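Architecture and fold: a report
Each chain, written out:
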Amino acid sequence: MAQPLVKKDDDRDDEAEYSPFLGIEKGAVLQEARVFNDPQLDPRRCSQVITKLLYLLNQGDSFTKVEATEVFFSVTKLFQSKDLGLRRMVYLIIKELSPSADEVIIVTSSLMKDMNSKTDMYRANAIRVLCRITDGTLLTQIERYLKQAIVDKNPVVASAALVSGIHLLQTNPEIVKRWSNEVQEAVQSRAALVQFHALALLQQIRQNDRLAVSKLVTSLTRGTVRSPLAQCLLIRYTSQVIRESNTQTGDRPFYDFLESCLRHKAEMVIFEAARAITELSGVTSRELTPAITVLQLFLSSSKPVLRFAAVRTLNKVALTHPMAVTNCNIDMESLISDQNRSIATLAITTLLKTGNESSVDRLMKQITNFMSDIADEFKIVVVEAIRSLCLKFPLKYRSLMNFLSNILREEGGFEYKKAIVDSIVILIRDIPEAKESGLLHLCEFIEDCEFTYLSTQILHFLGIEGPKTTDPSKYIRYIYNRVHLENATVRAASVSTLAKFGAMVDALKPRIFVLLRRCIFDSDDEVRDRATLYLNTLGGDGEVVETDKDVKIFLFGDLDIPLVNLETSLKNYEPSEEPFDIDSVPKEVKSQPLVEKKAPGKKPAGLGAPPAGPPSTVDAYERLLSSIPEFSNFGKLFKSSSPVELTEAETEYAVNVVKHIFDRHVVFQYNCINTIPEQLLENVSVIVDASEAEDFTEVTSKPVRSLPYDTPGQTFVAFEKPDGITAVGKFSNMLRFIVKEVDPSTGEAEEDGVEDEYQLEDLEVVAADYMMKVGVSNFRNAWESMGEDFERVDEYGLGPRESLAEAVSAVINLLGMQPCEGTEAVATNSRSHTCLLSGVFLGNVRVLVRLQFGIEGSRDVAMKLAVRSEDEAVGDAIHEIVSCS
Amino acid sequence: MLLAVLISNSEGNILIERFNGVPAEERSHWRSFLVKLGADNLKGSRNEELFVASHKSVYVVYTVIGDVYLYVVGKDEYDELALAEVIFIITASIRDVCQKPPSERLFLDKYGRICLCLDEIVWKGVLENTEKERINRLIRLKPPTNI
């Protein structure tokens, strides 16, 4: 934390300018609050005490339930006072206290009285407070008044009711949706803010009804919208309608409206329209031009917020339409010296995206001056932009690499340094000419690197790339220095790197042996163990011989198991006669939400080992299934799917299913939750109709004996399927159970129950269920090492498709494989694309797929599918999956 | 959604904070992030000069008025321009209540009324009022003049 967030009064030493809250103490204020109970109320005094209470609450002081309730009771007595100022304070403190007070109900009658008052201001405030403390039952009682309030002629009352509606929609949607007619009327209000609030609420009420939103937009774009805020909302809803209308040909609907908003008098509206236009899917240069023009004007505005908004939008446009933004480059260059560093950083990164090869050097000069006075998080953004620029203009690698190495030497935190190192690594990988200078920069960096993680990663990378250079010996000094100067972790990494040099470069081997022998006397166990291991594997005891293939695989081979899975399996392993079997470790990579959030097309991080996944649930499933005797002879679990929901959200019973795939069996695990407190379910099972899944035969099922309220239970159904066949099919499911009433006061269930059924959604077993997503770190190497022996290539027409990206994602989903090297992302407007996939097929067979797509003007997509696998039959199976779909 | 309105003194001590839709465990993170942002940029800046930043999909607009620093945080429809509107009305109301850009002492003297103004401007993350004259009347439970 940057500053101590202490109470203001604690560090006050200047008596002359003392705070009115000096020495304020909760206990004393609570004592003072007794003044609320006086028969003769002093409004001024009461207001002061309420202010003190507010101050305490704002300072983070929490009241116990007893304290809050006591104050709350006292405050309600203040409704007796007719003093307007005090009444306004009472409304505020009730709102602030209500979440922690139990007895809100006692204030309801006073508020209901105020809600029907002739004084408009009482009505408006009472509505806001009531909506804050209301529940479904009370809301039904006051609904009539709220509906009236929405169309009240006083805009303050109408707005209070509408904003209440926006909040209540989250908790009681079915009630608020009944106010649609009144809200519709309020949208036509002459009061600007009422229109704004009504429009927001109406759109939220109708958001699932595309036609209704479309009608709303159509009528409002023709009419008058008074408030700029409402106009901004309308632009947003219009964009949504355009997105959903998905028109491929002819004029884009509502474009004229958006374009006309560029001439609105409010800057907020102009900007919103410009941004909406830039975000239209498949926007043309003609459509973009007027929007870019107004954004360019904003770049030189005196208001920082406008400059920021404009440059931020242009930054995004530069990703997809760099040429459209080049006209603004001069304006953006002047923003590099903007006092607001956020604006300057955005300007620089935009320029890096739009600049041409000739402007790179000039730009780098400007950036060098700029880098010294910005914070690390901005620097990281700049480093990433420079990396992209270098990949775009490989001939400029020299100046860009120099820039990166210079900033690597300067002060900076871990994340910043990591970004630079990652960038250098990526440049080394992608630009062969940059390799030698890049490796030397990294070597110099580890001479004085304070981050163990980065040192070890660089050493690992040096071990892979260094031996392939023209003069590997020059790196040895830097590596061996680490053995003397660093901590044990780095020393151990250095030993491994030295061994890799020894393995790959025969000429260096004798000298490496000498160095490794010295490491045997290290003070750390791991360093000594590694040195001994490598000396033995490389034959350091005897004569210098060529390193054999197994040793190279040991030193350089990929560990094709996610580390997190290995860790879990090792933790579960109990020492016994039977040695730990690494083949028993699951290879499935669990999907990670973080990865999905990555920007499409983003390069994988340079050094980073695959990010650690969440703890594996595979083991949990495996343990669960192996504990059930009926499934004990099914063999080893190949894969478990992620849960598929079979019920809608907020239904009486929540059921999802996990598909467990074995060689000759499929087990459906239905996870059930009973969400009705008044019911106990017994003998719960799922009746599965497999008439649309001919290859499957039900073998056994296991019901849940008892399913009390809110306690998850699992029922299983197992099917047999032919061995080695990717059987697919559709299953319809019916939940069957005996329901017993539960007495809510005692929690006891009645003795007699009634048999009942509940229809669930259908479930499908698809080809992708037989494939595990297992990535490879270097696809090309993996592809080549797999060899052509079992390669199967064929071409397919995929017919007309919405876009190339859609076709690519459809095929990835169909096969259920792991996209490699970011190839799942398709550049906008590209006509062809290559996608690389990797996976393990049922029977633990590794499969690699190379997909080449092309799209024609008529949106017909053609695909060439090349499969390499360890088993010919699997290659055929992959082609069959594609051809049958 | 207007995620937060936060007012601190120039030393980073919180005077008023209102969070909406921000989980309790994330609040202290936001608090220190905003205070640092102010400490880095607001010292020596002009009264009511706007500063802006964004982090992922969240926007921050902040400024100084008298001796107090003021931050508003928003996302979705509350982007930088909408936040500028919000901060503008908050500063206008503070100036109105205090009758000048306030010292910290003056701000605390008018604490109750400033809380009322905030209550009229932002309610649970939604902008409710944007005119200072109207707000000035509403906090005294007087109806707006333009009805």
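Cut-offs and rules
- Residues numbered from 1 in each chain as written.
- Chains lettered and ligands numbered in written order.
- Predicted model: local features only at pLDDT ≥ 70, side-chain atom pairs only at ≥ 80, totals over all residues.
- Heavy atoms only, no water.
- Helix = DSSP H or I, 4+ residues; strand = E, 2+ residues; numbered from the N terminus.
- Buried < 20%, exposed > 50% of the residue type's maximum accessible area, 1.4 Å probe, protein only.
- Contact = heavy atoms within 4.5 Å.
- Areas by Shrake-Rupley, 256 points an atom, 1.4 Å probe, with all protein chains shown as cover.
- Salt bridge = Lys/Arg side-chain N within 4 Å of Asp/Glu carboxyl O.
- Buried area = accessible area lost by both parts, 1.4 Å probe.
- Polar contact = N/O pair within 3.5 Å; in protein donor to acceptor, adjacent residues only side chain to side chain.
- Nonpolar A, V, L, I, M, F, W, Y, C, P; charged D, E, K, R; others polar.
- Core = buried A, V, L, I, M, F, W, Y, C linked by side-chain atoms within 4.5 Å.
- Phe/Tyr/Trp six-rings, centres within 6.5 Å; stacked < 30°, edge-to-face > 60°.
- Lys NZ or Arg CZ within 6 Å of the ring centre and 35° of its normal.
- Expected span 1.5 Å × (residues − 1).
- Axes fitted to C-alpha atoms, helices over the stretch in contact; angles between N-to-C directions.
- Parallel < 35°, antiparallel > 145°, perpendicular 65-115°, else oblique.
- Patch = residues over 30% accessible without salt bridge, like charges linked within 9 Å, V, L, I, M, F, W, Y side chains within 5 Å.
- Lys, Arg positive; Asp, Glu negative; His and termini not counted.
- Charge placed at Lys NZ, Arg CZ, Asp CG, Glu CD.
- Left-handed = near helix turned anticlockwise from the far one by under 90°.
- Pairing = 2+ DSSP bridges.
- pLDDT = per-residue confidence, 0-100.

**Remarks on the overall build of chain B**
Along its length, chain B carries 5 helices and 7 strands. For chain B, the N- to C-terminal ordering of α and β elements is β-β-α-β-β-β-α-α-α-β-β-α. Among the 147 residues that make up chain B, the fraction classed as buried is 63%. Contacts spanning at least 24 positions in sequence make up 48% of the contacts within chain B whose residues lie at least 6 apart. If you sum the accessible surface of chain B, you get close to 5400 Å²; carbon and sulfur atoms cover 46% of it.

**Remarks on the pattern of salt bridges**
Residues and elements named next belong to chain A. For the structure shown, the criterion picks out 47 salt bridges over all chains. Among the salt bridges present, the one from arginine 123 reaches aspartate 152, with a minimum N-O distance of 2.3 Å. Of this pair, arginine 123 sits in helix α6 (residues 120-133) while aspartate 152 sits in the loop between α7 (136-150) and α8 (155-171), placing them 29 residues apart in sequence. A relative accessible area of 15% means that arginine 123 is categorised as buried.

**Side note on the interface of chain A and chain B**
Each partner contributes residues to the interface: chain A has 63 residues there, and chain B has 58 residues. For the pairing of chain A and chain B, the buried interface totals around 5200 Å² over both sides, and the portion due to carbon and sulfur atoms is 63%. Interface area lost by chain A to chain B is led by Asn58, Arg88 and Val305 of chain A, which between them contribute 13%. Where chain A packs against chain B, one counts 10 salt bridges. Its salt-bridge partner being glutamate 120 of chain B, residue arginine 88 of chain A comes within 2.8 Å of it at the nearest N-O pair. Our enumeration of links across chain A and chain B arrives at 15 residue pairs in polar contact (both at pLDDT 80 or more). Counting only elements with at least two residues in the side of chain A that touches chain B, the list comes to α2 (43-58), α4 (84-97), α6, α8, α11 (192-206), α13 (228-245), α15 (267-278) and α17 (304-320) of chain A. A breakdown of the residues in the side of chain A that touches chain B according to their chemical character gives 33 nonpolar, 14 polar and 16 charged.

**Some remarks on the nonpolar core**
Core analysis: the largest hydrophobic core is formed by 246 residues, its most contacted members being Phe36 of chain A together with Phe107 of chain B. Here this core gets 11 residues from one element, more than from any other, and that element is helix α2 (residues 80-98) of chain B. By size, the runner-up hydrophobic cluster in this structure holds 66 residues, among which are Phe731, Leu837, Ile855 and Val882 of chain A.

**Section: the packing of aromatic side chains**
For the coordinates displayed, the defined rule picks out 22 aromatic pairs over all chains. Ring centres of phenylalanine 21 of chain A and tyrosine 111 of chain B lie 5.3 Å apart, and the angle between their planes is 75 degrees; this geometry places the pair in the edge-to-face category. Note that phenylalanine 21 of chain A is positioned in the segment before α1 (26-32) and tyrosine 111 of chain B in helix α4 (residues 111-121), a pairing that runs across two chains. Here the aromatic residues Phe668, Tyr670, Phe696, Phe719 and Phe731 of chain A are joined through ring pairs into a cluster of three or more. The ring of tyrosine 122 of chain A has arginine 87 of chain A sitting right over it, with the charged end atom 4.6 Å from the ring centre. Between arginine 128 of chain A and the ring centre of tryptophan 123 of chain B, over which it is positioned, the NZ or CZ distance is 5.9 Å.

**Considerations on helix α3 (residues 65-76) of chain A**
Residues and elements named next belong to chain A. With 12 residues, α3 extends 16 Å between its outermost C-alpha atoms, agreeing within 8% with the 16 Å of an ideal straight helix rising 1.5 Å per residue. Listed as buried for α3 are Ala68, Thr69, Val71, Phe72, Ser74, Val75 and Thr76. Residues of α3 that are buried sit in contact with α1, α2, α4 and α5 (105-115).

**With respect to the packing of α15 of chain A against α17 of chain A**
Residue and element names in this part refer to chain A. For the pair α15 and α17, interaxial distance at closest approach is 10 Å and the crossing angle is 5 degrees. By the criterion of interaxial angle, the relationship of α15 to α17 is roughly parallel. Side by side, α15 and α17 meet where Glu267, Phe271, Arg275 and Thr278 of the first sit next to Leu306, Ala309, Ala310, Arg312, Thr313 and Val317 of the second.

**Overview of a negative patch on the surface**
Together, Glu678, Glu741, Asp743, Glu748, Glu750, Glu751 and Asp752 of chain A make up a region of like negative charge exposed at the surface. Note that glutamate 751 of chain A resides in the loop between β9 (729-741) and β10 (754-759).

**Focus: unusual backbone geometry**
Among all residues save glycine, negative phi is the norm, and among peptide bonds the norm is trans. Residue asparagine 683 of chain A is not a glycine yet carries a positive backbone phi of 50 degrees. Its location among the elements puts asparagine 683 of chain A in strand β5 (residues 679-692). Although it is not a glycine, aspartate 76 of chain B adopts a positive phi angle of roughly 55 degrees. Relative to the elements of secondary structure, aspartate 76 of chain B occurs in the loop between β5 (68-75) and α2. Given a relative accessible area of 47%, aspartate 76 of chain B falls into the partly exposed group.

**Some points on the packing of helix α20 (residues 341-354) of chain A against helix α21 (residues 360-371) of chain A**
Residues and elements named next belong to chain A. In the contact formed by α20 and α21, the axes pass within 11 Å of each other and the chain directions differ by 155 degrees. The orientation of α20 with respect to α21, classified from their angle, is roughly antiparallel. In terms of crossing hand, the pair formed by α20 and α21 is left-handed. Residues Arg341, Ala344, Thr345, Ile348, Leu351 and Leu352 of α20 form the contact with α21, whose participating residues are Leu363, Ile367 and Phe370.

**Focus on α6 of chain A**
All names here are of chain A. The terminal C-alpha atoms of α6, which comprises 14 residues, lie 20 Å apart, in line with the 20 Å expected from a rise of 1.5 Å per residue. With 12 of 14 residues buried, α6 lies mostly within the body of the structure. Of all the residues in α6, the buried ones are Met121, Tyr122, Arg123, Ala124, Asn125, Ala126, Ile127, Arg128, Val129, Leu130, Cys131 and Ile133.

**A few points about the pairing of strand β4 (residues 665-674) of chain A**
Residue and element names in this part refer to chain A. Taken across its 10 residues, β4 has 9 buried, putting it largely inside the fold. Note that strand β3 (residues 653-661) and β4 share 9 bridges and pair antiparallel. Note that in β4 the partner of histidine 660 across the bridge is valine 667. Hairpin geometry of β3 and β4 is characterised by an intervening segment of 3 residues between the two adjacent antiparallel strands.

**Considerations on the sheet that holds β5 of chain B**
What holds strands together in a sheet is hydrogen bonding between their backbones, with the strands either parallel or antiparallel. Pairing within the open sheet is antiparallel, and its 5 strands lie in the order β2-β1-β5-β4-β3 (chain B). Strands with a single pairing partner mark the edges of an open sheet, and in this sheet they are β2 (14-19) and β3 (51-55) of chain B. Neighbour-to-neighbour, the strand axes of this sheet turn through a mean angle of 15 degrees, independent of strand direction. Here strand β1 (residues 2-9) of chain B pairs with β5 of chain B via 7 bridges, running antiparallel. Counterpart to leucine 6 of chain B in the pairing with β5 of chain B is tyrosine 71 of chain B. Along the sheet, α17 of chain A makes contact with β3 and β4 (58-65) of chain B, crossing β3 of chain B at roughly 30 degrees.

**Some details on a nonpolar patch on the surface**
Residues and elements named next belong to chain A. Together, Phe73, Ile105 and Ile106 line one region of the surface with nonpolar side chains, adding up to about 270 Å² of accessible area. Note that isoleucine 106 resides in helix α5. Judged by its relative accessible area of 32%, isoleucine 106 is partly exposed.

**Here's the deal with the side chain of glutamate 287 of chain A**
Residues and elements named next belong to chain A. Mapped onto the secondary structure, glutamate 287 falls in helix α16 (residues 285-299). Within polar-contact distance, the side chain of glutamate 287 engages the backbone nitrogen of threonine 284 at 3.0 Å. When residues no more than four places from it in sequence are discounted, the contact partners of glutamate 287 are Arg252, Tyr255, Ile277 and Gly282.

**Comments concerning the environment of leucine 57 of chain A**
Residue and element names in this part refer to chain A. Structurally, leucine 57 is set in helix α2. Among the residues examined, leucine 57 registers a relative accessible area of 23% and is labelled partly exposed. In contact with leucine 57, other than residues within four places in its own chain, are Phe63, Ile93, Glu96 and Leu97.

**So, the environment of valine 317 of chain A**
Residues and elements named next belong to chain A. Mapped onto the fold, valine 317 is located in helix α17. The exposure class assigned to valine 317 is buried, which follows from its relative accessible area of 3%. For the pair valine 317 and glutamate 279, spaced 38 residues apart in sequence, the C-alpha separation works out to 8.0 Å. If near-sequence neighbours (up to four positions away) are discounted, valine 317 is found in contact with Thr278, Leu288, Ile292, Pro322 and Val325.

**Let's talk about the side chain of threonine 63 of chain B**
Residues and elements named next belong to chain B. In this structure, threonine 63 sits in strand β4. Threonine 63 sits in the buried class, given a relative accessible area of 0%. Ignoring any residue separated from it by four or fewer positions in sequence, one finds threonine 63 in contact with Leu42, Glu48, Glu49, Leu50, Val68, Tyr69, Leu70, Ile87 and Thr91.

**Focus: the confidence of the model for chain B**
For chain B, the average pLDDT comes to 90, and 99% of its residues sit at 70 or higher. Here β3 of chain B stands out as the element of chain B with the lowest mean pLDDT, 86, in contrast to β5 of chain B, whose mean of 95 is the highest.

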